[in-house]
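Each chain, written out:
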Amino acid sequence: MDFLRPASWEEALAAKAEHPTAVPIAGGTDVMVEINFDHRRPEYLLDLNRIGDLTEWEVGEESVRLGASVPYTRIMENLRAELPGLALASHTVASPQIRNRGGVGGNLGTASPAGDAHPALLAAGAEVEAESAARGTRLIPIDEFYTGVKRNALQPDELIRAVHVKKADGPQQYSKVGTRNAMVIAVCAFGLALHPETRTVRTGIGSAAPTPVRAKAAEEFLNAALEEGGFWDNGKIITPSVAKQFADLCSAGCNPIDDVRGTASYRRHAVGVMARRTLTWTWESYRGTRRTIEGAA
Ligand SMILES: Cc1cc2nc3c(=O)[nH]c(=O)nc-3n(C[C@H](O)[C@H](O)[C@H](O)COP(=O)(O)OP(=O)(O)OC[C@H]3O[C@@H](n4cnc5c(N)ncnc54)[C@H](O)[C@@H]3O)c2cc1C
């Protein structure tokens, strides 16, 4: 196995163009497990750790440009206000050691349906900045990024440079079911983001379909119900029947399997429970913000 160690992004792209089968390695928390278990024996490893830009982030007007290798710990410590859903999801990843090494670029590279960043990225709205030496940069909408079980939209000569995640304009939540509270791959997970500026709600479901998915029918139902009832303006409590219908549609948006971590029917049930809870939490938080604004006026 050859070890390629580019010193710059341009060198990394050139190396990937020359050796399209080279496996990029960032934190190595997925790649090294695969190599140690002999699930993968790449001819080349492409080490991205000398490229400093990949561990940096920029907070813009509307979105955060998150370098592909920014570790989860940094997201939790530095981007909680801008990216609350992703920060909460980061908290649930593995252990402090893994969170110090692993990042969103690696989660996207692996594209496991159980990866914790995915539901948060789907709910917030994100684009993956991919680049190749031959064709330059393109932005891949997160909804189009996951193409199958552990498959993504990257071409063999492409690398992920950054992820552009929309800054929160309202409350966000992330919920995960596992067999214990830490160091656990999700049995299933759910991300929810309220977007008061556009009066929309977005969801993300993890580990309950071949790829991470949004519950689009549930979003459409809730968007219409909130609009019809004037909820965004009157800040009323969401009625239990609306919350239940939303939860049922989220369950219906799953396409899970039975496996060692859980059954399909349990996953459907748990996604519904998480959908109802995260809706209650985020909506209460939204109502609280409205009361504070009205009180100050
Ligand atoms: C003990 C343990 C517990 C874990 N628990 C969790 C958990 O709770 N939740 C969870 O989501 N994950 C978990 N993981 C998996 C892993 O930590 C995450 O998927 C992490 O985000 C991977 O990031 P990394 O930087 O280490 O990726 P790496 O292992 O370096 O790479 C992962 C994949 O992405 C590709 N890649 C990396 N960077 C790029 C890039 N810039 N461009 C293109 N491709 C790239 C690699 O080639 C590889 O295919 C766990 C792993 C371990 C070992």
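Throughout this description, residue numbers start from 1 for each chain and increase along the sequence as written. Confidence filtering applies because this is a predicted model: local features only for residues at pLDDT of at least 70, side-chain atom pairs given and counted only at 80 or more, and all residues used for totals across whole chains, interfaces and linings. Only heavy atoms go into the side-chain values, all of them from the structure, while hydrogens and water stay out.

### Focus on the packing of helix 9 (residues 216-228) against helix 11 (residues 240-252)
Packed helix pairs are characterised by how far apart their axes lie and by the angle those axes make with each other. Threshold: Lines fitted to the C-alpha atoms define the axes, with helices restricted to the stretch that makes contact. Angles between their N-to-C directions range from 0 to 180 degrees. What counts as a helix is a DSSP run of H or I of at least four residues, what counts as a strand is a run of E of at least two, and both are numbered from the N terminus. Every angle not falling under 35 degrees, over 145, or within 65 to 115 is termed oblique; those three ranges are roughly parallel, roughly antiparallel and roughly perpendicular. Working rule for handedness: look at the near helix, and if it is turned counterclockwise from the far one by less than a right angle, call the crossing left-handed; if clockwise, right-handed. Note on contacts: a residue pair is in contact if any heavy atoms of the two residues lie within 4.5 Å.
Interhelical geometry of helix 9 versus helix 11 gives an angle of 160 degrees and a closest axis separation of 8 Å. Regarding the angle of helix 9 to helix 11, the classification is roughly antiparallel. Where helix 9 crosses over helix 11, the handedness of that crossing is right-handed. Contacts from Ala217, Ala218, Glu219, Phe221, Leu222 and Ala225 of helix 9 reach helix 11 at Val242, Gln245, Phe246, Leu249 and Cys250.

### A word on the UniProt feature "domain: FAD-binding PCMH-type" (unreviewed entry) in the chain
Rules: UniProt positions are given in the numbering used here, feature names are shortened, and annotations may be inferred rather than shown by experiment.
In the numbering used here, UniProt assigns the feature "domain: FAD-binding PCMH-type" (unreviewed entry) to residues 1-170. Along residues 1-170 one finds 33% helix and 26% strand; the C-alpha atoms at either end are 48 Å apart.

### Digging into the packing of aromatic side chains
Cut-off, in case you're wondering: Geometry of aromatic contacts follows a simple scheme: Phe, Tyr and Trp rings, the Trp one being its six-membered ring, pair when their centres are within 6.5 Å, and the pair is stacked under 30 degrees between planes, edge-to-face over 60, tilted otherwise. For every residue, the accessible area obtained with a 1.4 Å probe (protein chains only) is divided by the maximum for its type, and the residue is called buried under 20%, exposed over 50%, and partly exposed between those limits.
Scanning all chains against the criterion turns up 5 aromatic pairs. Each ring, one from Phe231 and one from Trp283, has its centre 6.4 Å from the other, and the planes form 75 degrees; the classification is edge-to-face. One end of the pair, Phe231, is in helix 10 (residues 231-234); the other, Trp283, is in helix 12 (residues 264-296), with 52 residues separating them in the sequence. Of the two residues, Phe231 and Trp283, neither departs from the other in class, the shared state being buried. Ring geometry for Trp232 and Tyr286: centres 5.3 Å apart, planes at 75 degrees, overall edge-to-face. On the criterion of sequence distance, the pair formed by Trp232 in helix 10 and Tyr286 in helix 12 is long-range, its members being 54 residues apart. The same class applies to Trp232 and to Tyr286, which are both buried. Among the aromatic residues, ring-to-ring pairing joins Phe231, Trp232, Trp283 and Tyr286 into one connected group.

### Concerning the nonpolar core
Generally speaking, nonpolar side chains in soluble globular proteins are found buried as a group. Threshold: Put simply, a nonpolar core is a bunch of buried Ala, Val, Leu, Ile, Met, Phe, Trp, Tyr and Cys residues held in one set by side-chain atoms that sit within 4.5 Å of each other.
Among the nonpolar cores identified, the biggest contains 47 residues, and Ile75, Leu86, Val104, Leu108, Leu121, Ile142 and Phe145 are the most heavily contacted of them. The greatest single-element share of this core, amounting to 5 residues, is contributed by helix 7 (residues 117-124). Ile75 has contacts with Leu66, Val70, Arg80, Leu86, Ala87, Ser90 and Val104, leaving out every residue within four places of it along the chain.

### Points about the site of the ligand
This is how the line gets drawn: Residues are counted as near a molecule or strand when any one of their heavy atoms sits within 4 Å of it. Between N or O atoms, a polar contact is any pair within 3.5 Å; within protein, one atom must be a potential hydrogen donor and the other a potential acceptor, and residues adjacent in sequence are included only when both atoms are from side chains. Under the convention used here, a 1.4 Å probe and the Shrake-Rupley method define accessible areas, while residue burial counts only the protein chains that appear. Residue classes follow a fixed rule: Ala, Val, Leu, Ile, Met, Phe, Trp, Tyr, Cys and Pro count as nonpolar, while Asp, Glu, Lys and Arg count as charged, and any other residue, Gly among them, counts as polar.
The environment of the ligand is formed by 34 residues, the closest being Pro24, Thr29, Asp30, Tyr72 and Asp116. Between Gly27 and the ligand, the recorded distance is 2.9 Å, taken from a backbone N or O atom to an oxygen atom. Gly28 has a polar backbone atom sitting 2.8 Å from an oxygen atom of the ligand. Contact with the protein chains hides 90% of the accessible area of the ligand, taken as 980 Å² for the molecule alone. Secondary structure elements with two or more residues in the shell around the ligand: strand 2 (23-25), helix 2 (31-36), helix 5 (96-101), helix 6 (104-110) and strand 10 (159-166). Take the shell around the ligand: its biggest share by element is 4 residues, from helix 6. Of the residues assigned to the shell around the ligand, the class counts are 18 nonpolar, 11 polar and 5 charged.

### Concerning the sheet that holds strand 10
Selection rule: In short, DSSP must find at least two bridges between two strands for them to pair.
Taking strand neighbours across the sheet as the criterion, the 5 strands line up as 4-5-10-6-7 in an open arrangement whose pairing is antiparallel. Single-partner strands in this sheet number two, and they are strand 4 (57-59) and strand 7 (136-141). Averaged over all adjacent pairs, the angle separating strand axes in this sheet is 20 degrees, with direction ignored. Where strand 6 (residues 126-132) and strand 7 come together, 6 bridges link them in antiparallel fashion.

### Considering the environment of Val163
With respect to the helices and strands, Val163 occurs in strand 10. Owing to a relative accessible area of 0%, Val163 belongs among the buried residues under this scheme. Note: C-alpha distance between Val163 and Ala68 (95 residues apart in sequence) is 6.5 Å. The residues contacting Val163, other than those within four sequence positions of it, are Val64, Arg65, Leu66, Val104, Leu108, Leu121, Ala126 and Glu127.

### As for the pattern of salt bridges
Condition: Definition used for salt bridges: Asp or Glu carboxyl oxygen within 4 Å of a side-chain nitrogen of Lys or Arg.
Applying the stated criterion across every chain, the model contains 21 salt bridges. We note a salt bridge from Arg65 to Glu58, for which the minimum N-O separation is 3.7 Å. Between Asp143 and Arg202 there is a salt bridge, with the nearest N and O atoms lying 3.3 Å from each other. In this pair, Asp143 sits in helix 8 (residues 142-145) while Arg202 sits in strand 13 (residues 200-206), placing the two residues 59 residues apart along the sequence.

### Comments concerning the pairing of strand 11 (residues 172-177)
In terms of residue burial, strand 11 counts as a mostly covered element, since 5 of its 6 residues are buried. Bridge analysis of strand 11 against strand 12 (residues 188-195) gives 6 bridges, and the strand direction is antiparallel. Bridge pairing in strand 12 links Lys176 to Ala189.

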